[in-house]
Amino acid sequence: MSKSKFFQSVQNYFDKAARYTNLDDGLLHQIKTCNAVYRINFPVKIGNQVKVVEAYRVQHSHHRNPTKGGIRYSRHVTQEEVMALATLMTYKCAIVDVPFGGAKGGVKITPWEYTGDELERITRRYTAELIKRNFIGPAIDVPAPDYGTGAREMAWIYDTYQTFKGGDVIDAAGCVTGKPTNQNGIRGRTEATGRGVFYGIREACSIEEDMKKRGLSKGIEGKTMVIQGLGNVGSHTGMISQDEGGVKIIGFGEVEGAIYDPNGIDIHQLLAFRKETGSILNYPGAKSFPKEERDIVMEFECDILVPAALEDQITMENVDRIKAKIIAEAANGPINSGAQEKLIERGVMILPDVYLNAGGVTVSYFEWLKNLSHMRFGRMEKRFNQRAFTNLVELVEEKTGKIIGDREKSVVARGADEIDLVRSGLEETMVVAYHQTREILNMNGGLNDLRTAAFVNAILKISNDYQSLGIFP
Ligand code: GLU
């Protein structure tokens, strides 16, 4: 599927959902359209040559500000891909009640072909271009990591922004999220998307009726999982699902190939093995499939398939060979609209990207709030709560005459740290949004999939904002 088909797929999902909303056509058009597209070519000195780099920043919707979304470094970047991803960000934010419009950036480079110094030069120049055109700022547009970028790149963006604007803008730290924790980042941002994916899957599996329909038992524990992509999102989803959910991971796919072992593969050991050997292939006890056959990972028999790499992984070409009963879209756009219809017909449960991978932007929102408040979460109340809980425990001891052990005391009488609050806020967000989406699904006769329900949810929330402007009926 070409990138324009990915954009088309997202638009198809919108159109399908729009039919369930009864909204004015003009309003629907305004919600659907990309508000601003910035395309730039800039020169960067690489060795003794000058490379002209193609880059984008798309702000899909200004119904709320700032706009928000990651920056991806990939040789596949095109304008339409960035537009599709920015569009998804708008709906994603609305679904999880993160008060931002959607945006996305893309720099068309293969990151691993450059040294750290060269990447820093590219990142700083890209940021300077955004500053020049007013496409970045804590109240304007706030980038974050995406495919091919991480905390390191966000630190460069922050530093560049500060260099230009730090003297005037007291909230400069809120110009980008996903920063290192020692540079105004927030604890729990790196794991956030994967943790959110886990909470979403766990919630879906907790509803007996929905599991029964797929011939599955209630609860995430003991379910088998296959993961495509061991980047930040895939690896955290896997680690948390295994450690906190009791999931058995039986297959993995990466650029170098795929592996399968129905007895289960410990993800921590696999990550260590890959670090040592540079590959997942030949992991002891598992069957290995070389690079040319790596797409087979999508076809392994399992309860939950987690595509956590790029868009366009399940298409009309392979859809009939997919055996999973639940597909958890950790990546953006892994299933195209044609393939989706076939999967729904077969009763496969699709946990859609616009909901399932919203944990990243949710914790980005917490980071932005932290930056605006200039204070770490938990600083004011941690010790107060600790004292209050301790008093309570002591009161119970006094009234009952029973001694509560030190271990129990330390569990009960504990004030929350930043990481505890971030995880709790993320869990609340993912659980509430799941039930909201499921309710829309069950209330609308004819609606038969969670993605359309999630889009309906997003469209209704965004239309509310526009209607309050008084422009639309
Ligand atoms: N790039 C991530 C996404 O696609 C995170 C965006 C953000 O944190 O702003 O959702």
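Nothing here was measured: the structure is a model prediction, and the numbers come from that model. (Residues numbered from 1 in each chain as written. Predicted model: local features only at pLDDT ≥ 70, side-chain atom pairs only at ≥ 80, totals over all residues. Heavy atoms only, no water.)

Asker: Teacher, can you tell me more about the pattern of salt bridges here?
Answerer: Summed over all chains, the structure comprises 35 salt bridges. As a salt-bridge pair, Glu153 and Arg152 come within 3.0 Å of each other at their nearest N and O atoms. Within the structure, one salt-bridge network assembled from shared partners comprises Arg72, Glu81, Lys104, Asp146 and Glu311. (Salt bridge = Lys/Arg side-chain N within 4 Å of Asp/Glu carboxyl O.)

Asker: For this particular structure, what's the right way to read the sheet that holds strand E4 (residues 101–107)?
Answerer: Two modes of strand pairing occur in sheets, parallel and antiparallel, and in both the strands are linked by backbone hydrogen bonds. In space, the five strands of this open sheet follow the order E1-E2-E4-E3-E5, with mixed pairing throughout. Here the strands that pair on one side only, and so sit at the sheet edges, are strand E1 (36–46) and strand E5 (141–145). Taking each pair of neighbouring strands and ignoring which way they run, the sheet shows an average axis angle of 25°. Sheet topology places E1 next to strand E2 (residues 49–59); 11 bridges connect them, and they run antiparallel. Counterpart to Lys45 in the pairing with E2 is Val50. Across the sheet, helix H3 (residues 79–95) touches E1, E2, strand E3 (67–73) and E4, and the angle it forms with E4 is around 150°. (Pairing = 2+ DSSP bridges. Helix = DSSP H or I, 4+ residues; strand = E, 2+ residues; numbered from the N terminus. Axes fitted to C-alpha atoms, helices over the stretch in contact; angles between N-to-C directions. Contact = heavy atoms within 4.5 Å.)

Asker: Whenever I open this one, the site of the ligand confuses me. Can you help?
Answerer: Near the ligand there are 14 residues, and of these Lys68, Lys92, Pro145, Asp146 and Ser364 occur at the shortest range. In this structure, a nitrogen atom belonging to the ligand sits 2.7 Å away from a side-chain N or O atom of Asp146. Relative to its unbound accessible area of 290 Å², the ligand is 95% covered by the protein chains. Among the elements of the structure, E3, H3, E5 and helix H12 (359–373) are those that each provide at least two residues to the shell around the ligand. When grouped by side-chain class, the residues that make up the shell around the ligand number four nonpolar, five polar and five charged. (Near = heavy atom within 4 Å. Polar contact = N/O pair within 3.5 Å; in protein donor to acceptor, adjacent residues only side chain to side chain. Areas by Shrake-Rupley, 256 points an atom, 1.4 Å probe, with all protein chains shown as cover. Nonpolar A, V, L, I, M, F, W, Y, C, P; charged D, E, K, R; others polar.)

Asker: Explain the packing of helix H4 (residues 116–132) against helix H5 (residues 151–165) to me, please; I cannot follow it from the model alone.
Answerer: Helix packing for two helices is described by the angle between their axes and how far apart those axes are. For the pair H4 and H5, the least separation of the axes is 9 Å and the interaxial angle reads 45°. Viewed along their axes, H4 and H5 adopt a mutual orientation that is oblique. The two elements H4 and H5 meet at a crossing, and its hand is right-handed. Here H4 contributes Gly116, Leu119, Glu120, Thr123, Arg124, Thr127, Ala128 and Ile131 to the contact with H5, which in turn contributes Arg152, Glu153, Trp156, Ile157, Asp159, Thr160, Tyr161, Phe164 and Lys165. Its residues assigned to classes, the contact of H4 with H5 comprises seven nonpolar, four polar and six charged. (Parallel < 35°, antiparallel > 145°, perpendicular 65-115°, else oblique. Left-handed = near helix turned anticlockwise from the far one by under 90°.)

Asker: Just checking my understanding: could you explain the packing of aromatic side chains for this structure?
Answerer: By convention here, two paired aromatic rings are described through the distance between centres and the angle between planes. Counting across every chain of the model gives 13 aromatic pairs. Where Phe289 meets Phe300, the ring centres are 5.6 Å apart and the plane angle is 45°; that geometry is what we call tilted. Taken together, the positions of Phe289 in strand E9 (residues 287–290) and Phe300 in the loop between E9 and strand E10 (304–307) put the pair 11 residues apart, joining distant regions of the chain. By the burial criterion, Phe289 is buried, and Phe300 matches it. Here the aromatic cluster, defined as three or more aromatic residues joined through ring pairs, consists of Tyr13, Phe14, Tyr91 and Phe455. In this structure, Lys179 is placed above the aromatic ring of Tyr158, and the distance from its NZ or CZ to the ring centre is 5.9 Å. One residue, Arg451, lies across the ring of Tyr13, its end atom 4.3 Å from the ring centre. (Phe/Tyr/Trp six-rings, centres within 6.5 Å; stacked < 30°, edge-to-face > 60°. Buried < 20%, exposed > 50% of the residue type's maximum accessible area, 1.4 Å probe, protein only. Lys NZ or Arg CZ within 6 Å of the ring centre and 35° of its normal.)

Asker: In this structure, what is going on with the nonpolar core? I would like to understand it.
Answerer: Considering soluble globular proteins, one finds that nonpolar side chains tend to be buried as a cluster. In terms of nonpolar packing, the biggest core is built from 95 residues, with Ile201, Phe252, Ile259, Val306 and Leu351 touching the most fellow members. The dominant element in this core, judged by the number of residues it contributes, is H3, at 11 residues. Excluding residues within four positions of it along the chain, Phe252 makes contact with Ile227, Leu230, Gly257, Ala258, Ile259, Ile265, Ile267, Leu270, Ile280 and Val297. Grouped together as the second largest cluster of nonpolar side chains are 29 residues, Tyr38, Ile71, Trp156 and Ile157 included. (Core = buried A, V, L, I, M, F, W, Y, C linked by side-chain atoms within 4.5 Å.)

Asker: Is there a simple way to think about the pairing of E3 in this case?
Answerer: It is a general feature of regular strands that their side chains alternate between the two faces of the sheet. Among the seven residues in E3, seven count as buried, and that is most of the element. For E3 and E4, the ladder comprises five bridges, and the chain directions are parallel. Each bridged residue has a counterpart across the sheet, and for Tyr73 the counterpart in E4 is Val107. Since E3 and E4 lie parallel, the crossover through H3 that links them has a hand, and here it is right-handed. As defined by bridge partners, E3 adjoins E5 across five bridges and the pair is classed as parallel. Within E5, the position partnered with Thr67 by the bridge is Asp141. (Right-handed = clockwise from strand over helix to strand, strands pointing away.)

Asker: Could you clarify how one ought to interpret the packing of H3 against helix H16 (residues 450–467) in this entry?
Answerer: Interaxial distance between H3 and H16 falls to 8 Å at its minimum, and their mutual angle equals 85°. With respect to each other, H3 and H16 are oriented roughly perpendicular. Each of Leu88, Thr90, Tyr91, Ala94 and Ile95 in H3 lies in contact with H16, whose residues at this interface are Ala454, Phe455, Asn457, Ala458, Lys461 and Ile462. Across the contact of H3 with H16, the residue classes break down as eight nonpolar, two polar and one charged.

Asker: Is there a simple way to think about unusual backbone geometry in this case?
Answerer: The phi angle of most residues is negative, glycine excepted, and most peptide bonds adopt the trans form. For the bond from Asn65 to Pro66, the omega torsion is 5°, close enough to zero to count as cis. Of note, Pro66 is situated in the loop between E2 and E3. Backbone geometry places Asp97, a non-glycine residue, at a positive phi of 55°. Despite not being glycine, Asn282 shows a phi value in the positive range, around 65°. By the secondary structure assignment, Asn282 is in the loop between helix H9 (267–277) and E9. Classification of Asn282 by relative accessible area gives exposed; the value is 62%.

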